[in-house]
Amino acid sequence: MTLRLVPEARAHAYASFAFAGRSEVLAALAEIERAGIASECFGFDPHLNAIRMRRDSLASDARALVGMMRAQGSMIRALKEGARVALAGRAFLDDAGFSLHVLAEGRIDAAAEADIAEARRIAQRHGGSEVENTIPKVIRANPFGPLNSVLGPDGERWAPVHGLLPHSRADACYAAIEALFGAHRGEMERHGLHTGTLIAAVGGKGVIIEPCLYWPGARNPLVEATPEPAHLARLPRHPANATAGALAQRLKHALVDLFHAHGAVHLQIARTYRYRDSLDPAADALLLAVKRQLDPHGRMNPGALGLG
């Protein structure tokens, strides 16, 4: 595979907004993406907002702040933006419902700022109120941070389940997700399971909706090996909890079925998502023929993609 290199943009601008409900934030995200004005556009529900504000530590905040300041291009701008982010702290989303974060790029500052100004008009038209733009700034400057999110802020196990949908289907699918969690709310509360949901525009193709499940349970070897050791050492360790784990698995499979019912596709398939169920008979027959030709003895990753 050959990938074409694209010069990094020289100018960047950012904005963040708070919304009262899912319909408003999804409508704003859709219009911003259709306008082609954002390099990235993503958001969090109230639960994931709270989780992100609690995660990590002041030390990781400091590392992110240094990275953000280095990305500003000049000492004066670095000091100005660093002071603004530090003063905002983590409290700027305390009263937010849903949040939306927008990044714009351009050859010159005026171009990036013009795109953000249009994003601001769109967000406000859909009921968004502007809040401190710390999150997109830090993410732009530190795009590949450590994978500490494999555990929740209190050391909980974590499982994300996602679906990619056209904007026209996103609100109905999200409403169904909320209804699913609502139907199991009592059981979830009894066993300490909680959720948070990410949304993100994807390359002009629609919106990712990714509910994340968090529950108290023992870590497996992969979870032990993935986060930064210092971060892992600060988190409480939970004992094995078969009941909470079984509930998380049931909800995970229910989400997979829900996404399938709404016609969602997925960025990775493997053993989790209903890939073959989504194919028409001709495409499924072609898949089986390719598998037989390339792997006649079924030795290659058996079970993935629903193939033996």
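So, here is what we can say about the structure in this document. (Residues numbered from 1 in each chain as written. Predicted model: local features only at pLDDT ≥ 70, side-chain atom pairs only at ≥ 80, totals over all residues. Heavy atoms only, no water.)

**Observations regarding the overall build of the chain**
On a plain count of helices and strands, the chain comes out with twelve helices and eight strands. Put simply, of all contacts in the chain between residues at least 6 apart along the chain, 79% involve residues at least 24 apart. For the chain, the exposed surface amounts to about 16,300 Å²; the carbon and sulfur share of it is 57%. (Helix = DSSP H or I, 4+ residues; strand = E, 2+ residues; numbered from the N terminus. Contact = heavy atoms within 4.5 Å. Areas by Shrake-Rupley, 256 points an atom, 1.4 Å probe, with all protein chains shown as cover.)

**Details of the pairing of strand E7 (residues 194-201)**
As paired strands, strand E2 (residues 40-44) and E7 are joined by three bridges and run antiparallel to one another. Each bridged residue has a counterpart across the sheet, and for Phe42 the counterpart in E7 is Ala200. In the sheet, E7 pairs with strand E8 (residues 207-215) via eight bridges, with the strands oriented antiparallel. For His194, the partnering residue across the bridge sits in E8 and is Tyr214. Turn length for the E7-E8 hairpin, with the two strands adjacent in sequence and antiparallel, is five residues, and the turn residue Gly203 shows positive phi of about 50°. (Pairing = 2+ DSSP bridges.)

**Some remarks on unusual backbone geometry**
Positioned with a positive phi, Ala270 is a non-glycine residue whose angle comes to about 50°. When you line up the elements, Ala270 lands in the loop between helix H11 (242-261) and helix H12 (281-294). For Leu305, which is not glycine, the phi dihedral falls at a positive 60°. Secondary-structure assignment places Leu305 in the segment after H12.

**Focus: the pairing of E8**
The buried fraction of E8 amounts to nine of the nine residues, a majority that puts the element mostly inside the structure. The two faces of E8 match: Val207, Ile209, Pro211, Leu213 and Trp215 on one face and Ile208, Glu210, Cys212 and Tyr214 on the other face are all buried. When strand E5 (residues 157-160) meets E8, the two strands line up antiparallel, connected through four bridges. Looking across to E8, one finds that Arg157 is bridged to Trp215. Relative to E8, strand E6 (residues 163-165) runs antiparallel, the two sharing three bridges. Residue Leu165 lies in a different strand from E8, and its bridge partner there is Val207. (Buried < 20%, exposed > 50% of the residue type's maximum accessible area, 1.4 Å probe, protein only.)

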